[in-house]
Amino acid sequence: MKNKFLQKTSRKVLALGLVAMLAATSFVGCGKKDAATTSEPTVAPTETVEAPSGEIAYTPGTYSATVTGMHEMTVTVTVSETEITDIKIDHQETAGVGEPATKSLPADIIAAQGLGVDGVSGATLTSTAIFDGVKDCLKQAGLSDAGIEKLMTIKLTEAVEEDQELTADVVVIGAGGAGMAAAVTANQAGKTVVVIEKASKMGGNTILSGGALNAVDEGSETAIANKDSVENHYNQTFNGGDGEGDPVLVHTLIDNAWSGVEWLKSLGMEFKDGVFTVTGGMWPRAHKPVEPEGTGFFKTYQAYVDSHEGITMVYNTTAKDLIVENGVVVGVTCEGKTGNTVIAKATNGVVLATGGFGRNIEMRVKYNEINKKWPTLDETIPSTNTSGITGDGIIMAEAIGANLVQMGNIQLLPLGDPNTGSLSGNIEHAVESRIFVNLEGNRFVNEGGRRDEMTLGLFAQPETKMYIVMDSDTYPEGNELNNFGESIADLVAAGRALKADTLEELATLMNVPAENLVATVEDYNRYCKGGDLEGQTDSFGRTLFTDTDEINNGINNGPFYAAVRVPTVHHTMGGVQINEKAQVIDTNGNVIPGLFAAGEVTGGIHGTNRLGGNALTDTVVFGRIAGAGASEFTK
Ligand code: ADP
């Protein structure tokens, strides 16, 4: 395949910038080496700003500090009298999520000789921990608090890059799950592709997800054992969204789910054996990748990009406006990292895959008014989303006449970390074996039910907080990792989970009345397998219980665990209207030629409530359809 990219780039690469650029190149870093130089601007050229002399002085040596990001890590800093000469991070941060920050951030700090450099988006916990560790080391090296404050003001300055114009057969906007599925599909169809991505790496929200992907392999042993079928998946998805999803789109999603899994496998992605029920998934049909969180998808996509010609990843570049010529979408105007203009033009179609608007508080508040479902979606409510998920694609498409549908359908989860809103720190491993308890020690909802019902239930509790409570049956080996690669021991050590030998002791740690917690658990245990009310629907309508051969499967096998959780904005089901070919529809009901959309930027598939495990299915199924459609489109 010929390289068809036209571009003009001229860049003054200073030595320090080059260090940062090399260090920032992790597995989610750059695109194809042969696809011209647009694949490189992961970190722009940099210059340092001098610290005023006299204020920054160190006692030369090497210093270490232990801090906690996603996991515990050791930060080791070497200084001369005037400079930070080396930063080493000994860590177990997740590949593709926290791990890139352990490389790029030390390089940026050294390049700037300052702590005012930007943390890595999507890796907030890791970035904060690195900053804390470096500060600790510098204090050990004798730097005063005033010196630290001074360093906090010193950042990298970036040389302005030149404007550029890129051309490819297909332009994809957004390198999350849907965008990368589209890009790979278009490339498989023989097309060159430019992928425009706002962040410094691929992944979007998809890489932060638990990785669960719902799909039914109709007629397989697993599906038969679980009494599952494509029809069951369809019905639960459609009904789970209160019948608001477009039946044609729901069918497209569900009917193509398993072939999506097979496609991922054909690209080399590995899944664990069997299926499980993800929270809010309603049924055991979620496939779990071998790699943690959503990283398996992007290892797979990155490996494809690296081993095939013709996909150019353009990072740190934000799409601003779709370009329309004679009623046809032909490209997009973007802003590069340094404010320069990047124009990407498609000879075939454009795919919009910029995700939802979970991190756009203005849009959240505005569109929550439609259904008034949530008491508030203002800044007090955190989000699981990465910071770039601000509805850009929805805004861009609306500006050229796209129809927006079901914008009031916004999904929250009851499982947010109270500090970050992230799903990390979650101690549950299966819906069936844990309960939710409020600050009074009482259950309040069917914990196996719909995501919206669980979260609305949580909003009605004191302080809008709850604990997930479970026993040691969840951890038969003791070192099982959650979707974020965290063990219960990690979480307990970090103070993010509580552990006690008895329920009474656990209640004390939770600061809830012990008699209530004990009574709550006793009541719950009666409905579990082996309990005296086994088989009956419990007080909150719960039907999902652990089903093993133990005498009583309730919460009765210490030590016991609890972790606090809050509501967090997770998925926005409204968005750009599409048809089953992923073509974008305008406000008059007509197809907008040249524009395809996939993933969370679209609306009308999941209705009022997206089933857990269906979002990744959406990215793969509609990403592939959009990629194929854009490849076939001709003006
Ligand atoms: P989906 O699940 O629909 O694929 P993701 O959240 O995984 O959505 O990915 C969306 C991607 O789009 C993210 O990587 C995000 O940084 C990117 N993105 C959002 N807005 C823009 C924009 N204006 N220009 C380029 N990329 C964008």
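Reference entry: report on the structure contained in this document. Computed from a predicted structure; not experimentally measured. (Residues numbered from 1 in each chain as written. Predicted model: local features only at pLDDT ≥ 70, side-chain atom pairs only at ≥ 80, totals over all residues. Heavy atoms only, no water.)

**What about the overall build of the protein?**
Phase 1 of the analysis: Secondary structure assignment for the protein yields 17 helices and 25 strands.
Phase 2 of the analysis: Computed over its C-alpha atoms, the radius of gyration of the protein comes to 25 Å, within 12% of the 26 Å expected for a compact globule of 635 residues.
Phase 3 of the analysis: Counting across all 635 residues of the protein, residues that qualify as buried make up 59%.
Phase 4 of the analysis: Look at the contacts in the protein between residues 6 or more apart in sequence, and 73% of them connect residues 24 or more apart.
Phase 5 of the analysis: Total accessible area computed for the protein in this model is approximately 23,800 Å², and 49% of it derives from carbon and sulfur atoms.
Phase 6 of the analysis: Charge centroids of the protein, computed over 45 positive and 81 negative side chains, lie 5 Å from each other. (Helix = DSSP H or I, 4+ residues; strand = E, 2+ residues; numbered from the N terminus. Rg over C-alpha atoms; globule rule 2.2 N^0.38 Å. Buried < 20%, exposed > 50% of the residue type's maximum accessible area, 1.4 Å probe, protein only. Contact = heavy atoms within 4.5 Å. Areas by Shrake-Rupley, 256 points an atom, 1.4 Å probe, with all protein chains shown as cover. Lys, Arg positive; Asp, Glu negative; His and termini not counted. Charge placed at Lys NZ, Arg CZ, Asp CG, Glu CD.)

**Re the sheet that holds strand 2 (residues 61-68)**
Phase 1 of the analysis: In space, the three strands of this open sheet follow the order 2-3-4, with antiparallel pairing throughout. Either end of the sheet is taken by a strand with one partner, and the two such strands are strand 2 and strand 4 (84-90). Each strand axis lies, on average, 20° off the axis of its neighbour in the sheet, ignoring direction.
Phase 2 of the analysis: As paired strands, strand 3 (residues 72-79) and strand 4 are joined by six bridges and run antiparallel to one another. In the sheet register, Val-77 faces strand 4, and the bridge partner there is Ile-87.
Phase 3 of the analysis: In the packing of helix 3 (residues 124-140) onto the sheet, contacts are made with strand 2, strand 3 and strand 4, and the angle to strand 2 comes to roughly 145°. (Pairing = 2+ DSSP bridges. Axes fitted to C-alpha atoms, helices over the stretch in contact; angles between N-to-C directions.)

**Quick word on helix 4 (residues 145-152)**
In an α-helix there are 3.6 residues to a turn, and that puts residues three or four apart on one side.
Phase 1 of the analysis: For helix 4, the full list of buried residues reads Gly-147, Ile-148 and Leu-151. Projection of helix 4 onto a plane perpendicular to its axis shows the buried side chains occupying an angular sector of 100°, all on one side. For helix 4, exposure combined with an orientation more than 90 degrees from the buried face picks out Asp-145, Ala-146 and Glu-149. (Arc of directions from axis to C-beta.)

**Comments concerning the environment of Gly-531**
Phase 1 of the analysis: Residue placement: Gly-531 occurs in the loop between helix 16 (514-527) and strand 21 (560-572).
Phase 2 of the analysis: In the structure, Gly-531 is positioned 22 residues away from Asn-553 in sequence and 7.9 Å away in space, judged by C-alpha atoms.

**Quick look at the nonpolar core**
Phase 1 of the analysis: Within the largest apolar cluster, 95 residues are counted, with the highest numbers of intra-cluster contacts made by Tyr-301 and Val-332.
Phase 2 of the analysis: The element contributing the most residues to this core is helix 5 (residues 177-188), with seven residues.
Phase 3 of the analysis: Each residue touching Tyr-301, except ones within four places of it in the same chain, is listed here: Gly-177, Met-180, Ala-181, Val-184, Met-202, Trp-263, Leu-264, Leu-267 and Val-620.
Phase 4 of the analysis: In terms of nonpolar packing, the next biggest core, distinct from the first, is built from 33 residues, Val-67, Val-75, Ala-111 and Val-117 among them. (Core = buried A, V, L, I, M, F, W, Y, C linked by side-chain atoms within 4.5 Å.)

**What to know about the site of the ligand**
Phase 1 of the analysis: Around the ligand there are 24 residues in total, and Ala-178, Glu-197, Thr-206, Asp-392 and Glu-600 lie nearest to it.
Phase 2 of the analysis: In the model, an oxygen atom of the ligand is placed 2.5 Å from a nitrogen or oxygen of the Glu-197 side chain.
Phase 3 of the analysis: Ala-319 places a main-chain nitrogen or oxygen 2.9 Å from a nitrogen atom of the ligand.
Phase 4 of the analysis: In isolation the ligand exposes 580 Å². Once the protein is present, 97% of that is buried.
Phase 5 of the analysis: In terms of residue class, the shell around the ligand is made up of six nonpolar, 14 polar and four charged. (Near = heavy atom within 4 Å. Polar contact = N/O pair within 3.5 Å; in protein donor to acceptor, adjacent residues only side chain to side chain. Nonpolar A, V, L, I, M, F, W, Y, C, P; charged D, E, K, R; others polar.)

**Focus on the sheet that holds strand 23 (residues 583-585)**
Phase 1 of the analysis: A sheet is described by the order of its strands in space; here six strands give the open sequence 11-8-7-15-24-23, paired in mixed fashion. This sheet does not close on itself; its edge strands, each paired only once, are strand 11 (311-314) and strand 23. Within the sheet, the average angular offset between the axes of one strand and its neighbour, ignoring direction, is 35°.
Phase 2 of the analysis: The strands that helix 5 touches are strand 7 (170-173), strand 8 (193-196), strand 11 and strand 15 (350-352); relative to strand 8, the one it contacts most, it runs at about 170°.

**Details of the packing of aromatic side chains**
Phase 1 of the analysis: One pass over the full model with this rule turns up eight aromatic pairs.
Phase 2 of the analysis: Look at Tyr-524 and Phe-545: their rings are 5.9 Å apart centre to centre, the planes differ by 40°, and that puts the pair in the tilted class. Taken together, the residues Tyr-524 in helix 16 and Phe-545 in the loop between helix 16 and strand 21 connect sequence positions 21 residues apart. Taken individually, Tyr-524 and Phe-545 each receive the classification buried, so the pair is uniform in this respect.
Phase 3 of the analysis: Here a set of aromatic residues connected by ring pairs shows up, and it is made of Trp-263, Phe-298 and Tyr-301.
Phase 4 of the analysis: Above the face of the Phe-276 ring, Lys-288 is positioned so that its terminal group lies 5.1 Å from the ring centre. (Phe/Tyr/Trp six-rings, centres within 6.5 Å; stacked < 30°, edge-to-face > 60°. Lys NZ or Arg CZ within 6 Å of the ring centre and 35° of its normal.)

**Notes on the environment of Lys-529**
Phase 1 of the analysis: Within the element layout of this structure, Lys-529 appears in the loop between helix 16 and strand 21.
Phase 2 of the analysis: For Lys-529, a relative accessible area of 25% translates into the label partly exposed.
Phase 3 of the analysis: Residues Lys-529 and Asp-417, spaced 112 residues apart in sequence, show a C-alpha to C-alpha distance of 31 Å.

**A few points about the packing of helix 2 (residues 99-112) against helix 3**
Phase 1 of the analysis: Orientation of helix 2 relative to helix 3, taken along the N-to-C sense of each, is 45°, at an axis distance of 10 Å. With respect to helix 3, the element helix 2 is oriented oblique. For the element pair helix 2 and helix 3, the recorded crossing hand is right-handed. Contact residues: Ala-101, Thr-102, Leu-105 and Ile-109 in helix 2; Thr-126, Ser-127, Ile-130, Phe-131 and Val-134 in helix 3.
Phase 2 of the analysis: Residues that form the contact of helix 2 with helix 3 fall into these classes: six nonpolar, three polar and no charged. (Parallel < 35°, antiparallel > 145°, perpendicular 65-115°, else oblique. Left-handed = near helix turned anticlockwise from the far one by under 90°.)

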